[in-house]
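Structure assessment
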Amino acid sequence: MADQTHVLFVEDDDVIREATQLALERDGFAVTAMPDGLSGLEAFRANRPDIALLDVMVPGLDGVSLCRRIRDESTVPVIMLSARADSIDVVLGLEAGADDYVTKPFDGAVLVARIRAVLRRFGHAGGGAQTGADPSAIDGAVLTFGELEIDTEGMEVRRAGQPVALTPTEMRLLLEFSSTPGTVLSRDKLLERVWDYGWGGDTRVVDVHVQRLRTKIGQDRIETVRGFGYKLKA
C-alpha cells in the first residue's frame, strides 16, 4: 500500500461500495472502504489516506459533516459523491471544504479521471503536466495586493500580517488570479486551469471556492465581472 495512492471511500450502499472498490483497485489504487461516517472518520485518522471519496448521504455522520471534520484536521483532497446534480448537498459539500464532486450514478472511468485530476493538482503521482499558474513563473517570491501578501515560493498567504490557512485548491485558485491581476478569468478557464478539467464542468465548483477564498482574503479582493467571470483587484 505504501507504493500506491491510498483512497478512503465512504459509501453505505453495499453494492456501490464493493463494485467501486474493485474498480479502483483494478486501476492501481489502494482502497479503504467504510459504510458510514463514523467508521470513515476513524479510518481517516488511522490511515491518513491520499484522497477521500465521501458519499453525501451516509449514516451516523453524514458526508458533509465528515468532510468538515477531515478539513479541520487535514488539507487532504476530498471528492463528494451526490445522487442529484441539482442537490443543495453539492453546494454544502463544497462549502464544507470539498475540492470537487461527482454525481451518481457515475462511470468508473470518469471517477478515476476526476480522482487523478485532483491528485495532479495536489502534487500526487498519477498525473501528467499541470496546467494553470506555475508559482516559479511568477516574478518575485512575494506578491502584494493591499494588505494581502502571497509568498509564491513558501506557499504561504498573509492578510494584514496574519497567516491565512488555505486548502491546496484555494491556493491554486489564488495563484491563478495573482498571476494575472486585473485580468478577468472566466469560470470555464478556471475549471480548466485549477481543476484540470479537459471537459465541461459544473461552474458551481468555481463559485463556491471563490466565495470561500473571499472569506479568507477579503470579500472585496476578488471582483465579480457579471457575465464574464472573476478578477483579482491589482
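Quick summary incoming for the structure in this document. All values reported here derive from a predicted model rather than from experimental measurement. Counting starts from 1 at the beginning of each chain's written sequence and moves along it residue by residue. Owing to the predicted nature of the model, reporting of local features is limited to residues with pLDDT of at least 70; listing and counting of side-chain atom pairs is limited to 80 or more, with chain, interface and lining totals taken over all residues. In computing side-chain values, all of the structure's heavy atoms are included and hydrogens and water are not.

Attention shifts here to the sheet that holds strand β7 (residues 148-151). Being paired, for any two strands, means DSSP has found at least two bridges between them. Segments assigned H or I by DSSP are reported as helices when at least four residues long, segments assigned E as strands when at least two residues long, and all are numbered from the N terminus. The antiparallel open sheet is built from four strands, whose spatial order is β6-β7-β8-β9. The outermost strands of the open sheet, each flanked by one partner alone, are β6 (142-145) and β9 (162-164). Adjacent strand axes in the sheet meet at a mean angle of 25 degrees when their direction is disregarded. Of the pairings in the sheet, the one linking strand β8 (residues 156-159) to β9 comprises three bridges and is antiparallel in character. Within β9, the position partnered with R159 by the bridge is Q162. Strands in contact with helix α6 (residues 168-179) are β6, β7 and β8; relative to β7, the strand with the most contacts, it is inclined by about 105 degrees. Every angle, taken between N-to-C directions, lies between 0 and 180 degrees, and every axis is a line fitted to C-alpha atoms, over only the stretch in contact when it is a helix. Contacts are assigned to residue pairs with any non-hydrogen atoms lying within 4.5 Å of each other.

Now for the pairing of β8. The side chains of a regular strand alternate between both faces of the sheet. Pairing of β7 with β8 involves four bridges; the strand directions are antiparallel. Bridged to E149 within β8 is R158. Between β7 and β8, which pair antiparallel one after the other, the connecting turn spans four residues, and M155 there sits at a positive phi close to 55 degrees. Where β8 hands over to β9, the hairpin turn is made up of two residues, of which A160 adopts a positive phi near 55 degrees.

The next subject is the sheet that holds strand β4 (residues 78-82). The strand order across the open sheet formed by five strands is β2-β1-β3-β4-β5, and the pairing between neighbours is parallel. Looking at strand neighbours, the two that pair on one side only are β2 (30-34) and β5 (100-103), the edges of this open sheet. Neighbour-to-neighbour, the strand axes of the sheet open up by a mean angle of 20 degrees, direction not taken into account. One ladder, built from four bridges, connects β4 with β5; its direction is parallel. Each residue of the ladder has a partner; that of L81, found in β5, is V102. Docked against the sheet, helix α2 (residues 37-47) engages β1 (6-10) and β2, running at close to 165 degrees with respect to β1.

A few words now on the side chain of T32. Inspection of the secondary structure puts T32 in strand β2. Per-residue accessibility, obtained with a 1.4 Å probe over protein chains only, is compared with the maximum for each type, and a residue is labelled buried under 20%, exposed over 50%, and partly exposed between these values. Assessed through its relative accessible area of 14%, T32 is described here as buried.

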